[in-house]
Amino acid sequence: MQIKLGTAHRSGVPKRSNDNARLIMTTIVGVVFGFFIGVSFPSVSLNKITLPSRLMSSLDVAFSDIGRPTAGKPLEDVGSQKVPKIYVPTNPRGAEFLPPGIVVAETDFYLRRLWGDPSEDLPKKPKYLVTFTVGFDQRNNINAAVKKFSDDFQVLLFHYDGRTTEWDQFEWSKRAVHISAPKQTKWWYAKRFLHPDVVAAYEYIFIWDEDLGVEHFNAEKYIELVKKHGLEISQPGLEPNNGLTWEMTKRRGDREVHKETEEKPGWCSDPRLPPCAAFVEIMAPVFSRDAWRCVWHMIQNDLVHGWGLDFALRRCVEPAHEKIGVVDSQWIIHQVIPSLGNQGKAENGKAPWEGVRERCKNEWAQFQNRLANADRAYIARIGKG
């Protein structure tokens, strides 16, 4: 259709007709054009529009947070008010307002990359955790000990002397986790950094001193024996001629494992109770994941040396005389190096180590009193019930 506009006419009627036609055609074309634009607009992708990076970042966050907007509703009407109120009393304390699927109640010491896909961070996940509380002066002894543990073991060093970076002279140290606090014991560290939910990824947890000789020890074989004999709490046997305190922890050369012994007359009120059975020392204990969940709760915040804890470990497994034992065929030597003892303070004419030893004995008495009082309080409570 072709419309010729602009031919002059003397009469005003034809002119008005042409103007009306022009208005009608313009309206029709506008409606048609608007219709096609409206139909095609929803298919336009924001990804194909070049916008400033700051604006695109905001859009990315907005759309990733709330998903695709509901048709026919403005963006501000789609958001948190659409999520139903949540309260899940079975969630961990403090997480009751979260949907269970987002709650992560446990963690680990796995070291991760800062790049790449998180699912590809760990070619192999360590199954066990070994911790040493160390000073740099014992680096060669710890180096020898760590080499006895395969890559199935995550290594964690607690540093009581503040020297951490020097350990990187050892290649394994670069893959270890290091935690430092001045002049603290392994039980202080354990209470604060080995919460059961933090170490839940590991089947067994080794909490060892720094002065242990490991020439006759193999960690993989030790784990095999612990599983074979059903030990939830254990330790390697001790060389009889070095730093031996208790008969129970003395290595026996004619067996793989032992779970009971004979002590000095009058030391054991019951042959199935410590120190004749259900007993290991606190210098080199190994705990199963489940046993540690109980033991951790028994560690006192202020009784940092852990003395007396060894006599109470039996409360965390049942039957204790069957699930606590000493692994004889994988044994260690206690070198009796008072390195942490020398971190004490000389007072009243006493050497630093003497003050530390005196506190150890006092803590043992305090722990026994607290445990006895807790037992009495519990018995009294259930008696009233």
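Residues numbered from 1 in each chain as written. Predicted model: local features only at pLDDT ≥ 70, side-chain atom pairs only at ≥ 80, totals over all residues. Heavy atoms only, no water.

### With respect to the state of the cysteines
Scanning the entire structure with this criterion turns up 2 disulfides. Here C268 is linked by a disulfide to C276, with a sulfur-sulfur distance of 1.8 Å. With the S-S bond torsion at 95 degrees, the cross-link from C268 to C276 turns out right-handed. C268 gets classed as partly exposed once you look at its relative accessible area, which sits at 21%. If you count the bonded cysteines of the protein chain from the N-terminus, they pair up as 1-2, 3-4. (Disulfide = S-S within 2.5 Å. Buried < 20%, exposed > 50% of the residue type's maximum accessible area, 1.4 Å probe, protein only.)

### Regarding helix α6 (residues 289-298)
For α6, the full list of buried residues reads A291, W292, V295, W296 and M298. What you see down the axis of α6 is that its buried residues fit within an arc of 150 degrees, all on one side. Among the exposed residues of α6, those pointing more than 90 degrees away from its buried face are D290 and H297. Tucked inside the fold, the buried residues of α6 contact α4 (186-193), β4 (204-208), β6 (233-238), β8 (286-288), α7 (309-312) and α9 (352-384). (Helix = DSSP H or I, 4+ residues; strand = E, 2+ residues; numbered from the N terminus. Arc of directions from axis to C-beta. Contact = heavy atoms within 4.5 Å.)

### A few points about the nonpolar core
Within the largest apolar cluster, 43 residues are counted, with the highest numbers of intra-cluster contacts made by W187, L194, I233 and W292. Those elements that provide at least two residues to this core are β2 (153-159), β3 (177-180), α4, β4, α6, α7 and β9 (324-334). Among the elements that take part in this core, α6 stands out by supplying 5 residues, more than any other. Not counting chain neighbours up to four residues away, the residues in contact with W187 comprise I207, I282, P285, F287, W292, I299, V304, H305, G306 and L309. With 35 residues, the next largest nonpolar core counts V130, F136, V146 and L238 among its residues. (Core = buried A, V, L, I, M, F, W, Y, C linked by side-chain atoms within 4.5 Å.)

### What about the environment of W292?
Locating W292 in the fold gives a position in helix α6. By relative accessible area, which is 0% here, W292 ends up buried. The spacing of W292 and Y204 is 88 residues in sequence and 8.6 Å in space, taken between C-alpha atoms. Among all residues touching W292, those that are not within four sequence positions of it are W187, A190, L194, P196, V199, I205, I207, F287 and I299.

### Some remarks on the packing of α4 against α6
Packing of α4 against α6 brings their axes to within 10 Å, and their N-to-C directions diverge by 110 degrees. As judged from the angle between their axes, α4 and α6 are roughly perpendicular. In this structure, the crossing between α4 and α6 has a hand that is left-handed. Across the interface between the two elements, W187, A190 and K191 of α4 pack against W292, W296 and H297 of α6. (Axes fitted to C-alpha atoms, helices over the stretch in contact; angles between N-to-C directions. Parallel < 35°, antiparallel > 145°, perpendicular 65-115°, else oblique. Left-handed = near helix turned anticlockwise from the far one by under 90°.)

### Here we look at unusual backbone geometry
The step from P274 to P275 runs through a cis peptide bond, and the omega angle for that step is 0 degrees. Among the structural elements, P275 can be located in the loop between β7 (257-258) and β8. With phi around 55 degrees, A278 is a residue other than glycine that occupies positive phi space. In this structure, V336 is a non-glycine residue whose phi angle is positive, near 55 degrees. For V336, the position within the fold is in the loop between β9 and α9. In this structure V336 comes out as partly exposed when scored by relative accessible area, which is 49%.

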